[in-house]
Amino acid sequence: MGGLQPWHWVIVIAVFVLLFGAKKLPDAARSLGKSMRIFKSEIKEMQSDSKPDTPSSEAGRPAPSPTPIASERADSAAAPAPETAPPDQRPA
């Protein structure tokens, strides 16, 4: 009970052939295989990205503290007013 017996698989295959037709089944299986390969490669890539890139000799040392970065925003009171550009003086 709970497992599929061989005759269950025969019924499932027959239903698929009736629903999709014999011509579309190979294409569907091919696209499913491509999708599974892409999924597996993405999972492997995600797992390799999550591993630390530091060697094992640095594993015992604490990470250096981050240095603060000065903000590039200028306060409106401290920033000089932008100069107005002279009007375009091209000959007509």
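These numbers come from a predicted model, not from an experiment.

(A) Representation of the overall build of the chain in the model. In terms of helices and strands, the chain carries two helices and zero strands. Of the roughly 9,600 Å² that the chain leaves accessible, carbon and sulfur atoms contribute 63%.

(B) Looking closely at the packing of aromatic side chains. Evaluated as defined, the whole model comprises one aromatic pair. Between Phe16 and Phe20, the aromatic rings sit 5.9 Å apart at their centres with planes inclined by 15 degrees, giving stacked as the arrangement. Residue Phe16 and its partner Phe20 are both found in helix α1 (residues 6-20); the two are separated by four residues, about one turn of the helix. Relative accessible area serves as the criterion here: at 42%, Phe16 is assigned to the partly exposed category.

(C) A look at the pattern of salt bridges. Under the defined criterion, the tally for this structure stands at one salt bridge. Between Asp27 and Arg30 there is a salt bridge, and its shortest N-O distance comes to 2.8 Å. Taken together, the positions of Asp27 and Arg30, both in helix α2 (residues 24-50) and three residues apart, correspond to about one turn of that helix.

(D) How the structure looks around α1. Here α1 is 15 residues long and its end C-alpha atoms lie 21 Å apart, about the 21 Å a rise of 1.5 Å per residue gives. Of the residues flanking the end of α1, it is Gly21, one or two places downstream, whose phi is positive at about 85 degrees.

(E) Just the UniProt feature "transmembrane region" (unreviewed entry) in the chain, in detail. The positions UniProt marks with the feature "transmembrane region" (unreviewed entry) are residues 6-22. Helix makes up 88% of residues 6-22 and strand 0%. Its end C-alpha atoms lie 21 Å apart.

(F) Representation of a nonpolar patch on the surface in the model. Nonpolar side chains collect at one region of the surface, where Leu4, Trp7, Trp9, Ile11, Val12, Ile13, Val15, Phe16, Val17, Leu19 and Phe20 lie side by side and expose about 1,100 Å² of accessible area between them. Note on placement: Ile11 falls in helix α1. On the accessibility criterion, Ile11 (45% relative accessible area) is partly exposed.

What counts and how
Residues numbered from 1 in each chain as written. Predicted model: local features only at pLDDT ≥ 70, side-chain atom pairs only at ≥ 80, totals over all residues. Heavy atoms only, no water. Helix = DSSP H or I, 4+ residues; strand = E, 2+ residues; numbered from the N terminus. Areas by Shrake-Rupley, 256 points an atom, 1.4 Å probe, with all protein chains shown as cover. Phe/Tyr/Trp six-rings, centres within 6.5 Å; stacked < 30°, edge-to-face > 60°. Buried < 20%, exposed > 50% of the residue type's maximum accessible area, 1.4 Å probe, protein only. Salt bridge = Lys/Arg side-chain N within 4 Å of Asp/Glu carboxyl O. Expected span 1.5 Å × (residues − 1). UniProt positions renumbered as here; feature names shortened; annotations may be inferred. Patch = residues over 30% accessible without salt bridge, like charges linked within 9 Å, V, L, I, M, F, W, Y side chains within 5 Å.

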